[in-house]
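Chain residues, written in single-letter form:
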Amino acid sequence: VRAVDIIQKKRDGHELGRDEIAFFVDGYTRGSIPDYQASAFAMAVFFRGMTAAETVALTESMMRTGEVLDLSDLPGPRVDKHSTGGVGDKTSLILAPLAAAAGAFVPMISGRGLGHTGGTLDKLESIPGFRVSLSLKEFRETLHKCGLGLIGQTPEIAPADRKLYALRDVTATVESLPLIASSIMSKKMAEGIDALILDVKTGDGAFMKKFEDSKALAEAMVRIGRGMGKKVSALITDMEQPLGRTVGNALEVKESVETLQGRGPKDLESLSLELAAWMLHLAGIAPGLDAARTRVRDALASGAGLRKFQEVIELQGGDPRVCDDTSRLPQARETVELRSEAEGRVAGIACRTVGQAGMLLGAGRETVDSRIDPAVGIVLHKKVGDPVREGESLMTLHVDDRGRLEEATRLLRQAVRVAREAPPATPLVRLVLDR
Ligand code: URA
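Residues numbered from 1 in each chain as written. Predicted model: local features only at pLDDT ≥ 70, side-chain atom pairs only at ≥ 80, totals over all residues. Heavy atoms only, no water.

Peer 1: Would you mind going over the pattern of salt bridges with me for this structure?
Peer 2: In a structure, side chains of opposite charge can pair up when their charged atoms sit close to one another. The full count for this structure, using the stated rule, is 36 salt bridges. Residue Arg-112 is joined to Asp-122 by a salt bridge in which the shortest nitrogen-to-oxygen separation is 2.9 Å. You can see Arg-112 sitting in the loop between strand E2 (106-110) and helix H6 (120-125) and its partner Asp-122 sitting in helix H6, a full ten residues away along the chain. Across the pair Lys-201 and Asp-199 runs a salt bridge, and its minimum N-O distance is 2.8 Å. By the burial criterion, Lys-201 is buried, and Asp-199 matches it. Overlapping salt bridges, with partners in common, bring together Arg-112, Asp-122, Glu-125 and Arg-365 in one network. (Salt bridge = Lys/Arg side-chain N within 4 Å of Asp/Glu carboxyl O. Helix = DSSP H or I, 4+ residues; strand = E, 2+ residues; numbered from the N terminus. Buried < 20%, exposed > 50% of the residue type's maximum accessible area, 1.4 Å probe, protein only.)

Encoded structure:
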């Protein structure tokens, strides 16, 4: 086989075989196939697409270029959640301890924030001392001791994806459904899990803004996971406004702790509980979804979820006292109120813009190398549908560096739309893909 023949076959719209895909992925990862051929291949896939069988083969090949964790020695089913990312999306910090407290093992490998979206690792690192870069041995030990572990991508996991993603980024081939789906799933399937619930976001703050695109991505990922013999379902959930009331790393940890204490905002609590219930359901821990919902609600109400979070924080080197006293988290130097100039109801909050404003304050990364400030961010006092009076605070900005405050404030002012009437509430879970 020659790489050029594989590129040509894809270019002409033919289906590639499993061996051809594996040959190409291995060759590219080892360096015997150069970047220019991989670029041509990615562009051919971009225009021609891939069949379901090809997409599964691509995912498996990328996964096999690295380590696939064998966690079969854990005494129970292993299950995770993956979200395609959004603004204020901190459900991982809530559902992972809840699912672990209810009997699941959760080997969670997460990412960092980029652009307007946040990342679980950045949130966790705002807890003083918390280490997200455990060795795989330490990760295993943590999982054995407390049922969950929360780490970042290691170089051993799906190296083909790392290399190909960087290439796609500079060859205008990121926005290809089979390439996105296989990229995400090659990393998730390397976690050695039995089951996975996907939270595919849709709307202004999501990676995929249009509902139909989110649905197509969810379907492709579900197909891949099932094609690899795992229990996988997807929820398509709303990202037209930030989830919960906080955007920014320590602020989001504080809100997660409050949610585990039973004092969280309703949207965040209900989505976290629902995703945790799906995890238990797919892992076969509860007999049906309703029983699973009861289990996670019990884990919340009894405080078992909060204790589990405290346990994993301590095991990973963090200060567990943040679960009793969130003032131990980093605090910004000053706060600035953004007040409403009109009276009425909040009719919309441009989600991506709020994420971008958070990034300008230092809560997110403009480029992969940007440094983030764990303390800064935004607390929303009003969500879509809420009544507001003139002069009332819409948001509190937590600020350390005033350098880009003016720009952030201008964006936030544009982001909130106050009108006489608010649109009818959209459901948080837009669609469930369970078959
Ligand atoms: N996230 C990924 O991990 N890969 C993609 O291709 C797109 C988003």
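Peer 1: I would appreciate a short explanation of the state of the cysteines in the present structure.
Peer 2: Two cysteines whose sulfur atoms are joined by a covalent bond form what is called a disulfide. Scanning the model with the defined rule gives zero disulfides in all. Left without a disulfide partner, Cys-146 is nearest to the cysteine sulfur of Cys-323, which lies 12 Å away. Note on Cys-323: relative accessible area 1%, which makes it buried. (Disulfide = S-S within 2.5 Å.)

Peer 1: Can you help me understand helix H16 (residues 405-415) in this one?
Peer 2: Since the α-helix advances by 3.6 residues per turn, residues separated by three or four positions end up pointing in the same direction. Residues of H16 that are buried include every one of Leu-405, Ala-408, Leu-411, Leu-412 and Ala-415, and no others. Taken down its axis, H16 places every buried residue within 130° of arc, on the same side. In this structure, H16 carries Glu-406 and Gln-414 as exposed residues pointing more than 90 degrees from its buried face. Tucked inside the fold, the buried residues of H16 contact strand E7 (334-339), strand E8 (344-349), helix H15 (351-361), strand E9 (377-380), strand E11 (393-399) and strand E12 (416-419). (Arc of directions from axis to C-beta. Contact = heavy atoms within 4.5 Å.)

Peer 1: Is there a simple way to think about the sheet that holds E9 in this case?
Peer 2: Across the sheet, which stays open at both edges, the four strands sit in the order E6-E9-E11-E7 with antiparallel pairing between neighbours. Edge positions in the sheet fall to strand E6 (246-247) and E7, since each has one partner strand and no second. Both E6 and E9 contribute to a ladder of two bridges, which runs antiparallel. When the bridges of E9 are listed, Val-247 appears paired with Ile-378. (Pairing = 2+ DSSP bridges.)

Peer 1: Is there a simple way to think about the site of the ligand in this case?
Peer 2: Residues in close proximity to the ligand include Tyr-165, Arg-168, Ile-180, Ser-183, Ile-184, Lys-187 and Phe-207, which together make up its full environment. One of the side-chain nitrogen or oxygen atoms of Ser-183 is found 2.6 Å away from a nitrogen atom of the ligand. Between the ligand and Lys-187, the relevant distance is 2.6 Å, taken from an oxygen atom to a side-chain nitrogen or oxygen of the residue. Protein contact buries 81% of the 230 Å² of open area that the ligand shows by itself. Contributions of two or more residues to the shell around the ligand are made by helix H8 (159-169) and helix H9 (177-188). The leading source of residues in the shell around the ligand is H9, at four residues. For the shell around the ligand, the class distribution of residues is four nonpolar, one polar and two charged. (Near = heavy atom within 4 Å. Polar contact = N/O pair within 3.5 Å; in protein donor to acceptor, adjacent residues only side chain to side chain. Areas by Shrake-Rupley, 256 points an atom, 1.4 Å probe, with all protein chains shown as cover. Nonpolar A, V, L, I, M, F, W, Y, C, P; charged D, E, K, R; others polar.)

Peer 1: Looking at this structure, how should I read the pairing of E11?
Peer 2: Both faces of the sheet carry side chains from a regular strand, because those side chains alternate between them. With seven of seven residues buried, E11 is to be regarded as a mostly interior element. Here E7 runs beside E11; their pairing, made up of six bridges, is antiparallel. If you follow Glu-334 over to E11, its bridge partner there is Val-399. Looking at chain direction, E9 and E11 are connected through four bridges and run antiparallel. Considered in E11, the bridge of Val-379 is made with Thr-396.

Peer 1: Before we go on, may I ask you to explain the environment of Thr-117 in this structure?
Peer 2: Within the secondary structure, Thr-117 is located in the loop between E2 and H6. A sequence separation of 239 residues divides Thr-117 from Gln-356, and the C-alpha atoms of the two residues are 8.1 Å apart. Among all residues touching Thr-117, those that are not within four sequence positions of it are Gly-85, Gly-86 and Gly-205. Separated by 3.0 Å, the side chain of Thr-117 and the backbone oxygen of Leu-114 make a polar contact.

Peer 1: Got a minute to help me understand the side chain of Lys-383 in this structure?
Peer 2: The residue Lys-383 is located in the loop between E9 and strand E10 (387-388) in this model. With near-sequence residues (within four places) excluded, Lys-383 lies in contact with Gln-241, Pro-242, Leu-243, Gly-244, Arg-245, Asp-267, Val-346 and Ile-349.

Peer 1: I would appreciate a short explanation of the pairing of strand E1 (residues 79-83) in the present structure.
Peer 2: Summarising burial for E1: five of the five residues are buried, a large majority. Alternating positions in E1 separate into two faces, Val-79, Lys-81 and Ser-83 on one and Asp-80 and His-82 on the other, with burial throughout. As paired strands, E1 and strand E4 (residues 195-202) are joined by five bridges and run parallel to one another. In the sheet register, Ser-83 faces E4, and the bridge partner there is Asp-199.

Peer 1: I tried to follow the sheet that holds E1 on my own but got confused; where do I start?
Peer 2: Spatially, E1-E4-E5-E13 is the arrangement adopted by the four strands of the open sheet, whose pairing is mixed. Each of the sheet's edge strands pairs with one partner strand only, and the pair in question is E1 and strand E13 (429-433). Averaged over neighbouring strand pairs, the angle between their axes works out to 15° when direction is ignored. Sheet contacts for helix H12 (residues 266-282): E1, E4, strand E5 (231-238) and E13; angle to E4, the most-contacted strand, approximately 150°. (Axes fitted to C-alpha atoms, helices over the stretch in contact; angles between N-to-C directions.)

The values reported here are purely geometric and, on their own, carry no functional implication.
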